[in-house]
Amino acid sequence: MTRVFGAAPGLVRASLTVERGDLLLVRGPNGAGKSTLLRVIGTALAPTYGSGAVLGFDLALERDEIRRRTELLGHRTRLYEDLTAAENLRFACAMHGVALSAVPAALARVGLADVAKERVSGFSQGMRQRVALARALLRRPELLLLDEPYAGLDAEAKEIVDAAIAEALADGRTVVLATHDLQRGGTAARTIVMDQGRIVG
Amino acid sequence: MTLVGQSVAIAAKDLRIEVRGRYALGSVLPFAGTLLVAFGLSLGPGRTLLAETAPGLLWLAVLFASVLSSRRAYEHEGEDGALEGLLLAPIDKAAVFIGKGIAIAVQLLALELAIVLLVSGLFDLSLAVAPLTLVAALFLGTIGLAAVGSLFGVLAEAPRAREAVLPLLVLPLATPVLIAGVRATALATAGRAGEAGSWLGLLLAFDLVFVSVGTLVFGFLLEE
């Protein structure tokens, strides 16, 4: 698949197969195309050329089927500043058809139970990342796409991310992890290296 | 969750954000008030001229308020990539159009109440002559403006969009609402409500067209 942004290529003829239940580690310098790859897999971006299937569903024709089964945790938290942490998660529940009863447990898991009723606008970047992580934990998606999930997190929160990845893999779910953190992703079944939009290794 | 449930959830979320941010109260209403006072001063002290232009000024204030409210409805979706969350949610994307349209309409109706009272006080607009016709014109016009704003507001959040995109799209398209709203309001306040039927019909037709078109094409706009 190729994804072009104006004249600039974000992803160049990337061809990739990931086995179900595996952890795929994506490495590469800034601007290498890691985020674009994950966003194309997660249907946030459509490929300019090429085709592909995610969890057996066509990327172009069955996007909603892929979205039902996938969670993309990216650089941006996708939170509403004027809503509380709990309200943000409740809204995500409504959009994904998840029971509202899942919210307290998800917030407790990321250590934010005490600030559930506080507005996100007063949160630090690390806390916002935790809320976004809690939102990802509301569901048990078949495919987890994690784009730099450790960025801005303290050691405790990084452990929570690691635990979520381990739990997903233990359940037989698939994880694609893009990270610069060399200490993470040690259990990956496979690692790919990207540079200038291409998979080079 | 059904399309109705998804739409209501999105509308409730937008209204909660609006109530907390007080954007309509703090920015849109003062803007509309300033617009009315400025026009009033520029037209001079003649009571007849002020009364004749009052329906037009009322609808101009409503139109500009709708553009600002529509812009705001999508602004908070762009703050930290929240719009992408709506894109990736496995919902009928028409729910975003309908939900945001409901939220814009509720805000506009609340603003219109204040704007109508302001116009009535400043320009001596007669509200009690045919109140039902006046309410019908405002209600139908609001639905149309909210539909256009909800449909095109998403384009203002596109990566290369500029601030002027929304008014450039909305103002020409909303011209039929402006014309029909002004005529129906003028007739209602002049005691000729019986002649306003065709203008109310035009507003209703506009609503049906834009609500239908928006429901059908919004998903495509959001994906693109």
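Counting starts from 1 at the beginning of each chain's written sequence and moves along it residue by residue. Each chain is given a letter, starting from A, and each ligand a number, starting from 1, according to the order in which they appear as written. A pLDDT threshold of at least 70 governs which residues receive local features in this predicted model, and a stricter bar of 80 or more applies before side-chain atom pairs are shown or counted, although totals over entire chains, interfaces and linings include all residues.

Focus: the overall build of chain B
Strands are runs of DSSP state E lasting at least two residues, helices are runs of H or I lasting at least four, and both sets are numbered from the N terminus onward. Summing up its helical and strand segments, chain B has nine helices and zero strands in all. Written out in order from the N terminus, the α and β elements of chain B read α-α-α-α-α-α-α-α-α. Radius of gyration: over C-alpha atoms. The globule rule applied is 2.2 Å multiplied by the number of residues raised to the 0.38 power. Computed over the C-alpha atoms, the radius of gyration of chain B is 18 Å, within 12% of the 17 Å expected from 2.2 N^0.38 for a compact globule of 224 residues. Projected onto the principal axes, the alpha-carbon positions of chain B cover approximately 55 × 30 × 30 Å. A buried classification covers 49% of the 224 residues belonging to chain B. Any residue pair is listed as a contact if its two C-beta atoms, each placed from the backbone, are within 7 Å. In chain B, the proportion of contacts linking residues at least 24 apart, taken out of those at least 6 apart, comes to 85%. Neighbour density around each residue's C-beta defines its exposure: 20 or more other C-beta atoms within 10 Å make it buried, 12 or fewer make it exposed, and counts between make it partly exposed, where C-beta atoms are placed from the backbone.

A short note on the interface of chain B and chain A
Counting residues at the interface gives 19 residues for chain B, matched by 20 residues for chain A. Of all the elements in the fold, those that place two or more residues in the side of chain B that touches chain A are α1 (3–21) and α4 (82–88) of chain B. When residues in the side of chain B that touches chain A are grouped by element, the largest group, six residues, is from α1(B). Gly falls in the polar group here, along with every residue not listed as nonpolar (Ala, Val, Leu, Ile, Met, Phe, Trp, Tyr, Cys, Pro) or charged (Asp, Glu, Lys, Arg). Within the side of chain B that touches chain A, the residues separate by chemical class into nine nonpolar, four polar and six charged.

A word on the sheet that holds strand β7 (residues 143–147) of chain A
All names here are of chain A. Following DSSP output, two strands are said to pair if at least two bridges run between them. Here six strands make up an open sheet; going across it, the order is β6-β7-β8-β3-β9-β10 and the pairing mixed. A strand with exactly one partner marks an edge of an open sheet, and here the two such strands are β6 (70–73) and β10 (198–199). Pairing geometry for strand β9 (residues 190–195) and β10, over two bridges, is antiparallel. Looking at the pairing, Asp-195 lines up with Arg-198 of β10. Of the strands in this sheet, β3 (23–27), β7 and β8 (174–178) are in contact with helix α6 (residues 155–170), which crosses β8 at around 150°. Angles run from 0 to 180 degrees between N-to-C directions of axes, and those axes are lines fitted to C-alpha atoms, restricted for helices to the stretch in contact.

Quick word on the pairing of β7(A)
Residues and elements named next belong to chain A. The element β7 is largely enclosed, with a buried count of five among its five residues. Of the two faces of β7, the one lined by Leu-143, Leu-145 and Asp-147 and the one lined by Leu-144 and Leu-146 are each fully buried. Sheet analysis places β6 next to β7, joined by four bridges and oriented parallel. Counterpart to Leu-72 in the pairing with β7 is Leu-145. Sheet topology note: the β7/β8 ladder contains five bridges and is parallel. Counted as the bridge partner of Leu-144 is Val-175 from β8. Read from β7 through α6 to β8, the crossover connection turns out right-handed. Here, the term right-handed applies to a crossover whose path from the first strand over the helix to the second runs clockwise when the strands point away from the viewer.

Overview of the environment of A:Arg69
Residue and element names in this part refer to chain A. Note on placement: Arg-69 falls in helix α2 (residues 63–69). Taking the number of C-beta atoms within 10 Å as the measure of exposure, Arg-69 has 19 and is therefore partly exposed. In sequence terms Arg-69 and Leu-55 are 14 residues apart; their C-alpha atoms lie 8.2 Å from each other.

Topic: the environment of A:Ala132
Residues and elements named next belong to chain A. Tracing the chain through its elements places Ala-132 in helix α5 (residues 125–137). Considered as a pair, Ala-132 and Arg-78 are 54 residues apart in the sequence and their alpha carbons are 7.5 Å apart. Setting aside residues up to four positions removed in sequence, Ala-132 forms contacts with Leu-73, Thr-77, Arg-78 and Leu-79.

Here we look at the environment of A:Asn88
Residues and elements named next belong to chain A. The topology assignment puts Asn-88 in helix α3 (residues 85–96). Note: C-alpha distance between Asn-88 and Val-120 (32 residues apart in sequence) is 8.6 Å. Dropping the residues within four chain positions of it, Asn-88 is found in contact with Leu-79, Tyr-80, Leu-83, Val-120, Val-131 and Arg-135.

Considerations on unusual backbone geometry
Residues and elements named next belong to chain A. Of note in this structure, Thr-43 is not a glycine but carries a positive phi near 70°. Tracing the chain through its elements places Thr-43 in the loop between α1 (34–41) and β4 (53–54). Of note in this structure, Leu-55 is not a glycine but carries a positive phi near 55°. Within the secondary structure, Leu-55 sits in the loop between β4 and β5 (57–58). Here Leu-55 falls in the partly exposed class, since 17 other C-beta atoms lie within 10 Å of it.

Here's the deal with the packing of helix α2 (residues 23–43) of chain B against helix α3 (residues 47–78) of chain B
All names here are of chain B. Two elements in contact, α2 and α3, have axes whose closest approach is 10 Å; the angle formed by their N-to-C orientations is 150°. Relative to α3, α2 is oriented roughly antiparallel. For the element pair α2 and α3, the recorded crossing hand is right-handed. Residue-level inspection shows Tyr-23, Ala-24, Ser-27, Val-28, Phe-31, Ala-32, Leu-35, Leu-36, Phe-39, Gly-40 and Leu-43 of α2 in contact with α3, the latter providing Leu-49, Leu-50, Thr-53, Leu-57, Leu-60, Ala-61, Phe-64, Ala-65, Leu-68, Ser-69 and Arg-72. Here is the rule for angles: anything less than 35 degrees is roughly parallel, anything more than 145 is roughly antiparallel, 65 through 115 is roughly perpendicular, and the remaining ranges are oblique. Left-handed is the label given to a crossing in which the near helix is rotated counterclockwise from the far helix by less than a right angle, and right-handed is the label when the rotation is clockwise.

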